[in-house]
Amino acid sequence: MEWKEIAGNWVLVPHKQIGIVHFLGGAFVATAPQLTYRWLLEQLAEENYVVVATPFVNTLDHTAIARSVLNGFENAIGQLYAKSLLRSRYLPIYGVGHSMGCKLHLLIGSLFNVERAGNILISFNNYAARDAIPLVQQLNFNPGFSVEFTPSPLETNTLLQTRYEVRRNLAIKFTNDTIDQSEALVKLLHQRFPGMVTLKTLSGTHTTPLSQDIQWQTGSNFTPLDAVGQWFKQEFSRDLRQLRQTIVQWLNPVSML
């Protein structure tokens, strides 16, 4: 499989297809998801999911971004069908988001009429602009001048409580992630859809989904340097592979039997 650019999205199309993943990344790494999240997304494609990763540039208007990335995704799907690259009209669609990408999927599921088999929300956070962007905090010291995301954190929570329509959700948090707010999100979603929300806590940090697997080739003779390299590879990639396994198992529990 090779990455294809289709309607402004980066797409992986496996020959066998069991579902579609719409991926949205974090605020400052979402402009090139085929690079920043390459290993994780290619692993999902290896599991026979069509991957559509939609780039975006962060602004204060998160509603506008949600509308834009949804339009981009739907345009890509339309072109994939037009080119006969998708072999079934009934592939389930899953939203997968990291950090800000989670909020965008939540807004899509609250504001627009979409059909989703579920959402996977990794390292969710819903901070106010003054907490998320240091420069905004300085600007807000000026009386009468206030900058905030649209919708604000409170408005986002209200939308989730009243209008969010994606019933099945997996929230993933990492043990060493100081900006994660997944537990608060899960409480809100449980009120909306009792028993349909799962929270998984994995070892790792906020940037674990951005990690890339390290390839270490040993020489003809196994040396102490090779031993160090193999150990480093195992330690470095362990959290990333655990994330992959958790996502794949939730998407298709039968695949792990």
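Below or above, wherever it landed, is the structure these notes cover. Just so you know, these numbers come straight off a predicted model, no measurement behind them.

What counts and how
- Residues numbered from 1 in each chain as written.
- Predicted model: local features only at pLDDT ≥ 70, side-chain atom pairs only at ≥ 80, totals over all residues.
- Heavy atoms only, no water.
- Phe/Tyr/Trp six-rings, centres within 6.5 Å; stacked < 30°, edge-to-face > 60°.
- Helix = DSSP H or I, 4+ residues; strand = E, 2+ residues; numbered from the N terminus.
- Buried < 20%, exposed > 50% of the residue type's maximum accessible area, 1.4 Å probe, protein only.
- Lys NZ or Arg CZ within 6 Å of the ring centre and 35° of its normal.
- Axes fitted to C-alpha atoms, helices over the stretch in contact; angles between N-to-C directions.
- Parallel < 35°, antiparallel > 145°, perpendicular 65-115°, else oblique.
- Contact = heavy atoms within 4.5 Å.
- Nonpolar A, V, L, I, M, F, W, Y, C, P; charged D, E, K, R; others polar.
- Core = buried A, V, L, I, M, F, W, Y, C linked by side-chain atoms within 4.5 Å.

1. Points about the packing of aromatic side chains
The description of an aromatic ring pair rests on the distance of the ring centres and on the angle between the ring planes. Scanning all chains against the criterion turns up three aromatic pairs. Both rings, one in Tyr-49 and one in Tyr-94, keep their centres 6.4 Å apart while their planes meet at 85 degrees; by these two values the pair is edge-to-face. You can see Tyr-49 sitting in strand 4 (residues 49–53) and its partner Tyr-94 sitting in strand 5 (residues 93–98), a full 45 residues away along the chain. Accessibility assignment for this pair places Tyr-49 and Tyr-94 in one class, buried. Plain terms: the ring middles of Tyr-94 and Trp-250 are 6.2 Å apart, the flat faces sit at 75 degrees to each other, and that makes the pair edge-to-face. Highlighted residues: Tyr-94 in strand 5 and Trp-250 in helix 9 (residues 224–251), separated in sequence by 156 residues. Residue Tyr-94 is classed as buried on the basis of its relative accessible area, which comes to 9%. Through pairs of rings, three or more aromatic residues link up here, namely Tyr-49, Tyr-94 and Trp-250. Between the NZ or CZ atom of Arg-89 and the centre of the ring of Tyr-81, over which it lies, the distance is 4.0 Å.

2. Focus on the packing of helix 7 (residues 153–162) against helix 8 (residues 182–192)
Any two packed helices are characterised by how steeply their axes cross, that is the angle between the axes, and by the distance between the axes. Their axes nearest at 8 Å, the elements helix 7 and helix 8 cross at an angle of 30 degrees. On the basis of the axis angle, helix 7 is roughly parallel to helix 8. On helix 8, the residues that touch Asn-157, Leu-160, Gln-161 and Thr-162 of helix 7 are Leu-185, Leu-188, Gln-191 and Arg-192. Its residues assigned to classes, the contact of helix 7 with helix 8 comprises three nonpolar, four polar and one charged.

3. Topic: the nonpolar core
Ranked by internal contacts, the top residues of the largest apolar core, which has 24 residues, are Leu-44, Ile-120, Ile-122, Ile-172, Leu-243, Ile-247 and Leu-251. Elements with a contribution of two residues or more to this core: strand 3 (19–24), helix 2 (38–46), strand 4, strand 5, strand 6 (118–122), strand 7 (169–176) and helix 9. Ranked by residue count, the leading element in this core is helix 9, at five residues. If sequence neighbours within four positions are ignored, Ile-247 has contacts with Leu-40, Leu-44, Ile-120, Ile-122 and Ile-172.

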